[in-house]
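Structure at a glance
What follows is each chain in one-letter form.
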Amino acid sequence: MIILDSMSKTLTTLSQSLVASYDKEFAQNEDKTLSVNPIASELASWYEKLRTSMDYSEDEVILRNAIERILKRRMLLSGEGKAIATPLIRELIWARYFPDSSIGEATIEKIAHTIDLYIRLEVEINKKHRINKGVVAEWILHILSSEIEHILKPNDPKDLVSNFIFRIFKERVMIADDSDEVRDIQVFIAVRRAYANDDLPFLRYHLFKQYFGTITLESIDKISDNFVTGIKVLEEQFKYPAKDKIYSYIKNQYVPFLILDDVFRKHRGSISALVSDEEALNAEILSACNARYKSIRSKVSRAIVRSVIFIFFTKALFAIFIEGTYERLVYGQILWSSIALNTITPTVLMVMVGVLIKTPSRENSFKILKKINTILFDEEPMLEKSLTVHKKPNKSDPILWTMFIILWLTTFVLSFGAFVVILTKFGINPVSQAIFMFFLAIVSFVAFRINRTANMYIIKDKKDSFTSLLFDFFFMPFIQVGKRLTLAISQINIILFVFDFIIETPFKGIVAFFEQWLFFLRSQREKLD
């Protein structure tokens, strides 16, 4: 067990601000709310579970993805916010992203007004600039869907903690050859990526708001005039050379803030009393750690199921259109053994990942406890030492760099070549081998992400072990290739297109009709009372 240092009972000024933000009482919505039929909701929620399983994304961005998906479909049918907002909210309640009768008419009107503003902004941008309309549409959808989520989830504690982390770390990061303003932007992006798990659309939204301010009828002309310049500046920040080093620095230290958020959410409204009681606070922190550890199994299991569905549907396309066609042309028949090998292997590997998961130790909980205490009560928290990076990387010895590239390419040859030799000995044809390697790379990346999820609460030792170095040497090529393939598949997956525009539109129409029919039957029954 780790012995904790004696703790000062005075919160830092920054911690006091965080506690006050959590304890603040927010007005509850009392206007008329939107209600849906529970049977229709049951049907729609099952569809949504299947649809999100095929879209391999982090849990934190699933709602925004759903909003964007619905907006795309609804905006094709109508160009007015009033005609889009209510069906949008109805679909979100159907899918159980929000409880029934939890969203009021005032919120729906605000969303409708916001949609109208962004539609008008898009029109003005396309009118004033010769720019790819697809790029403009993508930016508008990303920002609008993010804005709608923030309207639906105001005062999200995730934003409070993100700002808290930013204010702690912005002074602990230095970019030696760039300005403090750029440093602040990069730290902000790193915090949002590491702690809030923001994807590119969310990051675009936050930086867009900081660069242009809140969109209003009065600001549309100014924003549209400067849109091209603005997105160019923002895209440069997303591609900043030192961004990954800053992200890794924040990512390695964000675990205590997750636990702190759990404790503060649980005691929202009475946190001031909790932090003044050392014993009670420490007990709550350790309890929150145990609760997080218990959630690992279900979180990983859910990730595995979603990954298997994602891989299975993608695999189905390859098996039918590529592998099966090739085998019919060359061998005159489909070789089901090779197709079975390519289909079963990913599932087996995913199950193995789940079996090998270990729960963090109690010693890890005490490390988190000590970190939280220093964050709350020390003006200069005892975290990792400050980070100094350079925008322009140091020049490397060209001979040494060439050797590293050759070594890296050698790992690719050894890793992929070993499997080619094994599969050839088993009589697997070249196309099936290529597909096997294709899916092995994807599974390697997915397994890497799931393993990272399983170990996300562990305070890690920075020293590299021989095992980790060996792993990086032989398996990193598969993971790197798998990452690129997964991103590419997510963008061009034909099945997702079929679901979004061919299946989802009539399905949601049928659900809407079914719901109205049930309301009609109820009204007729009420006339008999």
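The structure displayed is predicted, hence computed values, not measured ones.

1. Some remarks on the overall build of the protein chain
Helix and strand counts for the protein chain come out as 21 helices and 2 strands. Considering the protein chain as a whole, with its 529 residues, one finds that 47% of them fall into the buried category. Sequence-distant contacts in the protein chain: of pairs separated by 6 or more residues, those separated by 24 or more amount to 83%. Of the roughly 28300 Å² of accessible surface on the protein chain, 61% is carried by carbon and sulfur atoms.

2. Some remarks on the packing of aromatic side chains
In this description, a pair of aromatic rings is defined by centroid distance and the angle of the planes. By the definition in use, this model includes 8 aromatic pairs. Ring centres 6.1 Å apart and planes at 70 degrees place the aromatic pair F164 and F257 in the edge-to-face group. Note that F164 is positioned in helix α7 (residues 157-169) and F257 in helix α13 (residues 255-266), a separation of 93 residues in sequence. F257 matches F164 in its accessibility class, with the two residues each being buried. Taking the centre distance of 6.2 Å and the plane angle of 65 degrees together, the rings of F169 and F257 count as edge-to-face. Highlighted residues: F169 in helix α7 and F257 in helix α13, separated in sequence by 88 residues. An aromatic cluster is present here, built from F164, F169, Y249 and F257 joined pairwise through their rings. The ring of F202 is capped by K158, whose NZ or CZ atom sits 5.7 Å from the centre of that ring.

3. So, a nonpolar patch on the surface
Residues I399, L400, W401, M403, F404, I405 and L409 make up a contiguous nonpolar surface patch of roughly 730 Å² in combined accessible area. Mapped onto the elements of the fold, L400 is located in helix α18 (residues 398-425).

4. What to know about the confidence of the model for the protein chain
For the protein chain, per-residue confidence averages 80 on the pLDDT scale, and residues scoring 70 or more make up 77% of the total. This model gives residues 1-8 a pLDDT under 50, and the stretch forms 15 contacts once residues within four places in sequence are excluded.

5. Here we look at the nonpolar core
In this structure, L92 and F264 are the most contacted members of the largest nonpolar core, which totals 118 residues. Tallying contributions element by element places helix α15 (residues 278-331) first for this core, with 10 residues. In contact with L92, other than residues within four places in its own chain, are L63, A66, I67, I70, Y97, F98 and L152. By size, the runner-up hydrophobic cluster in this structure holds 7 residues, among which are F416, M437, L440 and F478.

6. Digging into helix α3 (residues 62-77)
Between its first and last C-alpha atoms α3 spans 23 Å; for 16 residues at 1.5 Å apiece the expected length is 22 Å, and the two agree. Three or more residues of α3 are buried, namely I62, L63, R64, N65, A66, I67, E68, R69, I70, L71 and R73.

7. Some thoughts on α7
Counted at 1.5 Å a residue, the expected span for α7 with its 13 residues is 18 Å, and the 18 Å between its end C-alpha atoms agrees. Burial analysis of α7 places 10 of its 13 residues in the buried class, the great majority of the element. Buried residues of α7: P157, K158, D159, V161, S162, F164, I165, F166, I168 and F169, and no others. One side-chain oxygen of the residue at the start of α7 lies 3.0 Å from the amide nitrogen of K158, identifying that residue as D156.

8. A short note on the environment of K133
Residue placement: K133 occurs in helix α6 (residues 133-152). Judged by relative accessible area, K133 falls into the exposed class, the value being 57%. It is 9.9 Å that separates the C-alpha atoms of K133 and V123, two residues lying 10 residues apart in sequence.

9. Things to note about the environment of T374
Along the chain, T374 turns up in helix α17 (residues 362-377). What makes T374 buried here is its relative accessible area of 6%. T374 sits 362 residues away from T12 along the chain, and the two C-alpha atoms are 9.8 Å apart. Setting aside anything within four residues of it in sequence, one finds T374 in contact with P381 and M382.

10. Some details on the pattern of salt bridges
Counting across every chain of the model gives 22 salt bridges. A salt bridge links E91 to R73, with the shortest nitrogen-to-oxygen separation between them at 2.7 Å. Here R73 lies in helix α3 and E91 lies in helix α4 (residues 81-94), a separation of 18 residues in the sequence. One salt-bridge network, held together by shared partners, links R64, E68, K72 and D199.

11. A few points about the packing of α7 against helix α8 (residues 180-194)
At a minimum axis separation of 9 Å, α7 and α8 run at an interaxial angle of 135 degrees. In terms of orientation, α7 lies oblique with respect to α8. In this structure, α7 meets α8 at a crossing whose hand is right-handed. Between α7 and α8, the residues in contact are K158, D159, S162, I165, F166 and F169 and D184, V187, F188, V191 and R192, respectively. Here the contact of α7 with α8 is built from residues that sort into 6 nonpolar, 1 polar and 4 charged.

12. Focus: unusual backbone geometry
Of note, R96 is a non-glycine position whose phi angle comes to about 70 degrees, a positive value. Along the polypeptide, R96 turns up in the loop between α4 and α5 (105-128). Owing to a relative accessible area of 46%, R96 belongs among the partly exposed residues under this scheme.

13. A short note on the side chain of H142
Checked against the element boundaries, H142 lands in helix α6. Residue classification places H142 among the buried positions, given a relative accessible area of 9%. Among all residues touching H142, those that are not within four sequence positions of it are R64, E68, P201 and R204.

Definitions and limits used
- Here the residue index of a chain counts from 1 through its sequence in written order.
- Residue-level local features of this predicted model are given only where pLDDT is at least 70; pairs of side-chain atoms are given and counted only at 80 or more, and the full residue set underlies all totals for whole chains, interfaces and linings.
- Working from all heavy atoms in the structure, the side-chain values ignore hydrogens and water.
- Note on conventions: DSSP H or I runs of at least 4 residues are helices, E runs of at least 2 residues are strands, and numbering of each starts at the N terminus.
- A 1.4 Å probe rolled over the protein chains alone gives each residue an accessible area, and that area as a share of the maximum for its type sets the label: buried under 20%, exposed over 50%, partly exposed in between.
- We call two residues contacting when some pair of their heavy atoms lies within 4.5 Å.
- Per-residue and other accessible areas follow the Shrake-Rupley method at a 1.4 Å probe size, with only the shown protein chains counted as cover for residues.
- For this analysis, a ring pair means two rings from Phe, Tyr or Trp (six-membered ring only for Trp) whose centres lie within 6.5 Å, classed as stacked if their planes differ by under 30 degrees, edge-to-face if by over 60, and tilted for the remaining angles.
- By the criterion adopted, a ring carries a charge over it if an Arg CZ or a Lys NZ lies within 6 Å of its centre and within 35 degrees of its normal.
- Residues form patches when they are more than 30% accessible in relative terms and have no salt bridge. Like charges link within 9 Å. Nonpolar side chains (Val, Leu, Ile, Met, Phe, Trp, Tyr) link within 5 Å.
- What makes a salt bridge here is a side-chain nitrogen of Lys or Arg within 4 Å of a carboxyl oxygen of Asp or Glu, nothing more.
- Confidence scores here are pLDDT values: one per residue, from the predictor, ranging 0 to 100.
- Think of a nonpolar core as a cluster: buried Ala, Val, Leu, Ile, Met, Phe, Trp, Tyr and Cys residues, connected wherever their side-chain atoms sit within 4.5 Å.
- Helix span, expected: 1.5 Å multiplied by one less than the number of residues in the helix.
- Nitrogen and oxygen atoms within 3.5 Å of one another constitute a polar contact, given that in protein one can donate a hydrogen and the other can accept it, and given that sequence-neighbouring residues count only through two side-chain atoms.
- For helices, the fitted axis covers only the stretch in contact; all axes are lines through C-alpha atoms, and the angles between them, taken along N-to-C directions, range from 0 to 180 degrees.
- Any angle that falls under 35 degrees is termed roughly parallel, while one over 145 is termed roughly antiparallel, one within 65 to 115 roughly perpendicular, and all others oblique.
- Crossing chirality is assigned from the near helix's rotation relative to the far helix, an anticlockwise turn below a right angle marking it left-handed and a clockwise turn marking it right-handed.
- Residue polarity follows a fixed list, in which Ala, Val, Leu, Ile, Met, Phe, Trp, Tyr, Cys and Pro are nonpolar, Asp, Glu, Lys and Arg are charged, and the others, Gly among them, are polar.

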